[in-house]
Amino acid sequence: MTDADVIIVGAGPAGLMLAAELRLAGVRPLVLERQPQRRNTPKAGGLGGQILELLRYRGLLERFEAACTDPAPAPRFPFGGVHLDFTQLADPPLHALPLPQPQLERLLDERADELGVDIRRGHAVAGVSQDDAAVTVDVRGPDGPYRMSARYLVGCDGARSRVRDWAGIGFPGTAYPEVNRLAQVTLPDTVTVLGNGDLDVPGFGTIHAGFTRTDRGLFGVAASPASNVVSLYTIEDETTEYDDDTPMTVTELQDSLRRVLGVQLPVGEAIRLSRFTFKARQAERYRDGRILLAGDAAHLFPATGVAINAGMMDAVNLAWKLAADLHGRAPVGLLDTYHGERHLAGARTMLHTQAQVALRRGHDPAAEALREVFQELLADEQPLRRMGALVAGTDIRYPMPGSHHHPLAGTFAPDLTLHTDQGMTSVAELMHAARPILLDLADRPDLRQAARDWQPHVDIHTVKTDDRPADALLIRPDAHIAWAATIDEPADSAAPALREALSGWFGTP
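Source: prediction; values computed, not measured.

What counts and what doesn't
- Residues numbered from 1 in each chain as written.
- Predicted model: local features only at pLDDT ≥ 70, side-chain atom pairs only at ≥ 80, totals over all residues.
- Heavy atoms only, no water.
- Salt bridge = Lys/Arg side-chain N within 4 Å of Asp/Glu carboxyl O.
- Helix = DSSP H or I, 4+ residues; strand = E, 2+ residues; numbered from the N terminus.
- Buried < 20%, exposed > 50% of the residue type's maximum accessible area, 1.4 Å probe, protein only.
- Pairing = 2+ DSSP bridges.
- Phe/Tyr/Trp six-rings, centres within 6.5 Å; stacked < 30°, edge-to-face > 60°.
- 1 Å grid on protein atoms, 1.4 Å probe; cavity = no way out; pocket = protein on both sides within 12 Å on 5 of 7 lines; lining within 4 Å.
- Points joined across faces, edges and corners; volume = space filled by probe spheres on them.
- Nonpolar A, V, L, I, M, F, W, Y, C, P; charged D, E, K, R; others polar.
- Axes fitted to C-alpha atoms, helices over the stretch in contact; angles between N-to-C directions.
- Parallel < 35°, antiparallel > 145°, perpendicular 65-115°, else oblique.
- Left-handed = near helix turned anticlockwise from the far one by under 90°.
- Contact = heavy atoms within 4.5 Å.
- Core = buried A, V, L, I, M, F, W, Y, C linked by side-chain atoms within 4.5 Å.

Points about the pattern of salt bridges
Applying the stated criterion to the full structure yields 38 salt bridges. Two residues, arginine 38 and aspartate 109, come together in a salt bridge whose shortest N-O distance is 3.1 Å. In this pair, arginine 38 is assigned in the loop between strand E2 (29-33) and strand E3 (46-48) and aspartate 109 in helix H4 (residues 101-114), connecting sequence segments 71 residues apart. Under the relative-accessibility criterion, arginine 38 is labelled partly exposed at 32%.

Now the structure itself:
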């Protein structure tokens with residue numbers, strides 16, 4: 001008898017999201033976190049990308065939005081020293097939610113607690129071993145050492161993951177010799193925010209909004225005359241190793257500003273201070289037997305704004321597959337698709353974040369020309385939308401098994417408005433319970449009959465929608481489409497393909 005179904009090491013965003021998703025799937029997770037209290041250091045300033053849609057599909061987005069004290073940022077995002085400017089688009093492909101990491105973790109913690117997750121803070125994992133049946137964990141808790149076991153263990157323990165080391169999983173990549181400092185501060189009356197967002201600094205003159213490159217680094221500012229709070233950003237080449245648990249101070253910020261700008265920029269109260277270095281690393285594999293990795297333990301990206309999105313999406317992908325295995329319903333190879341799908345997504349994120357490295361780190365005229373040409377390309381809507389989808393992670397299409405491949409298969413399910421006999425609903429509302437669903441969009445008795453044997457584990461809905469994209473959609477708990485029937489596809493083709501997809505993803509009935 002194990003102590004838990006799954007032990008999760010680390011109570012950051014990925015670990016807490018995984019715990020909640022596992023509970024929705026009827027699994028007993030246990031979270032071990034070495035820190036005795038939630039961290040107050042805002043390592044990240046918000047959420048962005050595909051995870052926002054997933055939270056809406058779980059019915060949680062309004063709760064997260066209500067916790068935001070800052071207004072939603074304009075749809076304009078930094079990208080390697082230039083910007084993706086979506087302000088002229090009515091429907092931007094990339095959205096962000098300003099929610100500092102301590103508040104984000106509090107919300108995820110509350111959600112996990114509501115679902116009955118056991119979270120043990122101040123319990124550090126000291127060793128891990130596994131065999132064919134279970135994982136054994138040695139823990140140092142507040143009352144002394146103890147040992148426990150689980151069917152699986154997931155390392156969500158960050159960049160310096162000890163779980164990854166114990167599993168012998170390689171973490172190749174590159175560390176860039178630069179330090180990034182990000183702050184939200186008030187400004188004294190001596191500094192004026194001009195109408196266009198520029199700063200007028202006494203003894204220096206005008207500092208333009210956006211990025212300013214100097215011989216000593218990169219400085220960024222985002223300010224509004226309607227607010228006394230500004231965002232400041234510096235990048236310096238530096239090889240100093242900083243402890244993530246040691247917070248940045250106002251003095252450290254001011255010293256960096258002075259080095260980069262060559263002038264003392266007065267600042268007032270600090271609202272957010274964070275420091276980070278950039279690494280491009282990805283675990284060679286996300287699974288070793290009964291040990292798996294998610295979040296920063298699996299990947300580190302050399303750009304801001306993408307890590308939490310990637311880590312939480314790891315968790316959503318993994319949870320239902322672990323649950324299927326634990327409930328004895330997983331088809332052969334299901335759990336291995338976690339590595340296949342999320343390593344692919346991580347590599348895609350690595351692609352654009354390393355492209356950002358090339359854009360931002362060049363200092364010669366050729367690099368300036370590259371940035372100028374890149375910004376010109378982004379003036380056109382099609383490449384701008386493509387880049388937005390790339391950063392958001394919405395362009396990911398997981399490879400689907402089988403011989404039947406609809407263009408929607410492997411993509412995130414669109415939130416269709418659905419008409420039922422009981423009234424209006426939507427794909428998002430049907431996904432709140434994190435269960436697989438079959439949407440019969442064309443009143444196809446043949447497809448409902450083909451799926452009947454899976455009905456205890458797959459919810460079947462006969463609905464109508466405007467501009468239907470397919471006759472039917474089989475949607476996994478992570479909101480990705482496992483199979484779709486083309487419009488008017490013959491029964492002798494569609495029904496066998498549906499049974500093949502149901503067996504491949506949800507096992508024999």
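Side note on the sheet that holds strand E13 (residues 199-201)
Ordered in space as E12-E13-E14, the three strands form an open sheet in which the pairing is antiparallel. Strands with a single pairing partner mark the edges of an open sheet, and in this sheet they are strand E12 (192-193) and strand E14 (205-207). Note: E13 against E14, three bridges, orientation antiparallel. Pairing of valine 201 across the sheet is with glycine 205, part of E14.

Focus on the packing of aromatic side chains
A full pass over the atoms with the stated rule returns eight aromatic pairs. Look at phenylalanine 79 and phenylalanine 374: their rings are 5.6 Å apart centre to centre, the planes differ by 10°, and that puts the pair in the stacked class. Here phenylalanine 374 lies in helix H9 (residues 365-377) and phenylalanine 79 lies in strand E4 (residues 76-79), a separation of 295 residues in the sequence. With respect to class, phenylalanine 79 is no different from phenylalanine 374; both count as buried. Aromatic side chains phenylalanine 211 and tyrosine 233 sit 6.4 Å apart centroid to centroid with 65° between the ring planes, which places their arrangement in the edge-to-face category. A residue pair is termed long-range when its members are at least 10 positions apart, and phenylalanine 211 in strand E15 (residues 210-214) and tyrosine 233 in strand E17 (residues 229-237) qualify at 22 residues. The exposure class assigned to tyrosine 233 is buried, which follows from its relative accessible area of 16%.

Brief notes about the layout of surface pockets
Taking a probe equal in size to a water molecule and rolling it over the atoms shows the remaining empty space. Estimates place the volume of the second largest pocket at around 460 Å³. Lining the second largest pocket are 25 residues, and of these Gly49, Gln50, Glu53, His95 and Thr394 sit closest to its centre. When contributions to the lining of the second largest pocket are tallied by element, the ones reaching two or more residues are helix H2 (50-57), helix H3 (61-66) and strand E6 (96-98). With five residues, the single largest contributor to the lining of the second largest pocket is H2. In the lining of the second largest pocket, the residues fall into 14 nonpolar, five polar and six charged.

Structural notes on the packing of helix H7 (residues 307-326) against helix H8 (residues 336-361)
Closest axis-to-axis distance for the H7/H8 pair is 10 Å, and the angle between their directions is 155°. The orientation of H7 relative to H8 falls into the category roughly antiparallel. Crossing handedness for the pair H7 and H8: right-handed. Every residue of H8 that contacts H7 at Ala310, Met313, Asp314, Asn317, Leu318 and Lys321 is listed here: Thr337, Tyr338, Glu341 and Arg342. Its residues assigned to classes, the contact of H7 with H8 comprises four nonpolar, two polar and four charged.

Remarks on the nonpolar core
Among the nonpolar cores identified, the biggest contains 90 residues, and Ile7, Leu47, Phe64, Val137, Leu439 and Leu473 are the most heavily contacted of them. With ten residues, H7 is the single largest residue contributor to this core. Ignoring anything within four residues of it in the chain, the contact list for leucine 473 reads Leu408, Leu416, Ile437, Leu438, Leu439, Leu441, Ile481, Trp483 and Ala484.

Structural notes on H2
Taking burial as the measure, the eight residues of H2 include six buried ones, the bulk of the element. Of the residues making up H2, those classed as buried are Gln50, Ile51, Leu52, Leu54, Leu55 and Tyr57.

Re the environment of glutamate 33
As for its position among the elements, glutamate 33 is in strand E2. With relative accessibility at 5%, the residue glutamate 33 sits in the buried group. Along the backbone, glutamate 33 and arginine 121 are 88 residues apart, and their C-alpha atoms lie at a distance of 4.8 Å. When residues no more than four places from it in sequence are discounted, the contact partners of glutamate 33 are Gly10, Ala11, Arg39, Arg120, Arg121, Gly122 and His123.

None of the figures reported here should be taken as evidence of function without further support.
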